[in-house]
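This is what each chain is made of:
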Amino acid sequence: MTDTTSLPQPLDRARVTSARTAVFVVFALAGLVFASWASRIADAKAALGLSAGELGLTLFAASVGSVTGLPLAGRISDRIGASRAVALGIGVGLAGLLAVGLVVDAEGPRLGVAAGLFCVGLGVGVWDVSMNLEGADVERQLGTSVMPHFHAAFSGGTVVSALIGAAMSWGGVPLTVHFLGATVLTVGLAWWALPRFLPRSAEHHEAARAARERHRSAWLEPRTLLIGVVVFAAAFTEGTANDWLAVAFVEGHHLPAWAGVLAFATFLAFMTLARLLGTGLLDRRGRVPVLRASFALAAVGAALVIFGTPWLAFVGAAVWGIGAALGFPVGMSASADDAERAAARMSVVATIGYVAFIAGPPVLGLLGDSVGVLYSLLVVGALALLALTVVPAVREPADD
């Protein structure tokens, strides 16, 4: 298997195009694995007889695993190469996923499920940063914005996997069988994709190691932290819709459950479409103007969902999806502008961003208890406005 970090010298176009396809596949697989578990959470809760509080504490184990893996991922990738780091993350994550399936199907202890979820979170954390590093390397070699395409692949993977999971749940398929199928598919496609990552340069590896020794921690760099704030706001904007949009339509607009699901599907569809089409805008207009428009659209979309009629709320879900599409991938690209410091900086930015995914659900839940789920979504608009003040941190180096 070929290792990789970023390369300073240009490569053959066909080689880079092959790597781009491989990264696209790896992002889609990450979405598939994530949604394989997410689509069966309700089944696991019922099988183990968990209360909402017990389920929440169990799910928190995955968050702890992610927070553990994300800060380490850059260093791991820097030392062994992105392809091996992704392979390591896949191995740990899939082992945890299979363990969860086995424990749930055997109606085993909740602690066993939590241990498996910790491994899922740990593996996905390493996998996530490493594939984003490879995506940034490919983007530099191509000279064009392609990171949003990779994140669109992740979104597409989650949608397909969620549909498969719904069918598995409807058919009463055991979690172990479902997760084993996801594992076989993931390993098979990863086995094809990882050797096609960009080749690793020993010279650049030594330069990156020397850079680590010369520079202070990325956690002390103002620009890196500001990019982290942008990614935090983007992650919160996206994650809030993932967790609460359907509930807000049902409880806030008094619509049937299927309409809430349709609203969520609308958000996902427009977010995926914007990620596919947004790369041209980024290349023509630059990161800062595009992200300013994106966060403004996210705020407008959330306002339409909160204050509009049900029909306007559906329009708002679409606008919100467009606004949520580009912040996270652009922030990851910006953190990797300097190839020598990319691993350290991306680990910091990813860690800050994922705090939003972890903290968002309980924060919105507490607000929802006080003001209702619909009005708790005002936090999205507030964070979008905050992001507008720090968006200049993601500006391309050539524009500085």
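Cut-offs and rules
- Residues numbered from 1 in each chain as written.
- Predicted model: local features only at pLDDT ≥ 70, side-chain atom pairs only at ≥ 80, totals over all residues.
- Heavy atoms only, no water.
- Helix = DSSP H or I, 4+ residues; strand = E, 2+ residues; numbered from the N terminus.
- Rg over C-alpha atoms; globule rule 2.2 N^0.38 Å.
- Buried < 20%, exposed > 50% of the residue type's maximum accessible area, 1.4 Å probe, protein only.
- Contact = heavy atoms within 4.5 Å.
- Lys, Arg positive; Asp, Glu negative; His and termini not counted.
- Charge placed at Lys NZ, Arg CZ, Asp CG, Glu CD.
- Patch = residues over 30% accessible without salt bridge, like charges linked within 9 Å, V, L, I, M, F, W, Y side chains within 5 Å.
- Areas by Shrake-Rupley, 256 points an atom, 1.4 Å probe, with all protein chains shown as cover.
- Salt bridge = Lys/Arg side-chain N within 4 Å of Asp/Glu carboxyl O.
- Phe/Tyr/Trp six-rings, centres within 6.5 Å; stacked < 30°, edge-to-face > 60°.
- Axes fitted to C-alpha atoms, helices over the stretch in contact; angles between N-to-C directions.

What follows deals with the overall build of the protein. What the protein contains, in helices and strands, is 16 helices and zero strands. A globule of 400 residues ought to have a C-alpha radius of gyration of about 21 Å, and the protein, at 20 Å, matches this closely. Structurally, the protein occupies a C-alpha span of about 60 × 45 × 35 Å along its principal axes. Per-residue burial over the protein gives 52% buried out of 400 residues. Here the contacts in the protein between residues at least 6 apart in sequence split such that 86% fall between residues at least 24 apart. Treating the 25 positive side-chain charges of the protein as one cloud and the 26 negative ones as another, the clouds have centres 4 Å apart.

The next point concerns the environment of His 254. As for its placement among the helices and strands, His 254 is situated in the loop between α9 (222–252) and α10 (257–285). Classification of His 254 by relative accessible area gives exposed; the value is 67%. Sequence spacing of His 254 and Pro 310 is 56 residues, and the spatial spacing of their C-alpha atoms is 8.9 Å.

Right, let's get into a nonpolar patch on the surface. Taken together, the side chains of Phe 270, Leu 273, Leu 276, Leu 277, Leu 297 and Ile 322 present a nonpolar region at the surface, about 500 Å² in accessible area. Within the secondary structure layout, Leu 276 lies in helix α10. Judged by relative accessible area, Leu 276 falls into the partly exposed class, the value being 39%.

Inspection of every chain in the model, using the stated rule, returns seven aromatic pairs. Note on Phe 34 and Phe 154: the rings are 6.4 Å apart at their centroids and 35° apart in plane angle, and the pair reads as tilted. Here Phe 34, found in helix α1 (residues 13–38), pairs with Phe 154, found in helix α6 (residues 147–170); they are 120 residues apart in sequence, far enough to count as distant. Residue Phe 154 is classed as partly exposed on the basis of its relative accessible area, which comes to 23%.

Turning our attention to unusual backbone geometry. For Glu 107, which is not a glycine, the phi torsion comes out positive at approximately 50°. Since its relative accessible area comes to 59%, Glu 107 is described here as exposed.

On to the side chain of Ser 66, then. Inspection of the secondary structure assignment puts Ser 66 in helix α3 (residues 52–80). Residue contacts for Ser 66: discarding those within four places in its chain leaves Pro 71, Gly 121 and Leu 122.

What follows deals with the pattern of salt bridges. For the structure shown, the criterion picks out eight salt bridges. Between Arg 341 and Glu 221 there is a salt bridge; the shortest N-O distance is 2.7 Å. Of the two residues, Arg 341 sits in the loop between α13 (327–335) and α14 (342–371) while Glu 221 sits in the loop between α8 (202–214) and α9, which places them 120 residues apart along the sequence. Glu 221 matches Arg 341 in its accessibility class, with the two residues each being buried. Residues joined by salt bridges that share partners form a network here, namely Glu 221, Asp 338, Arg 341 and Arg 345.

Another point: the packing of helix α5 (residues 110–142) against α6. One can describe the packing of α5 onto α6 by two numbers: an axis separation of 9 Å at closest approach and a directional angle of 145°. Taking contact as the criterion, the partners of Asn 132, Gly 135, Ala 136, Val 138 and Glu 139 in α5 are, on α6, Met 147, Phe 150 and His 151.

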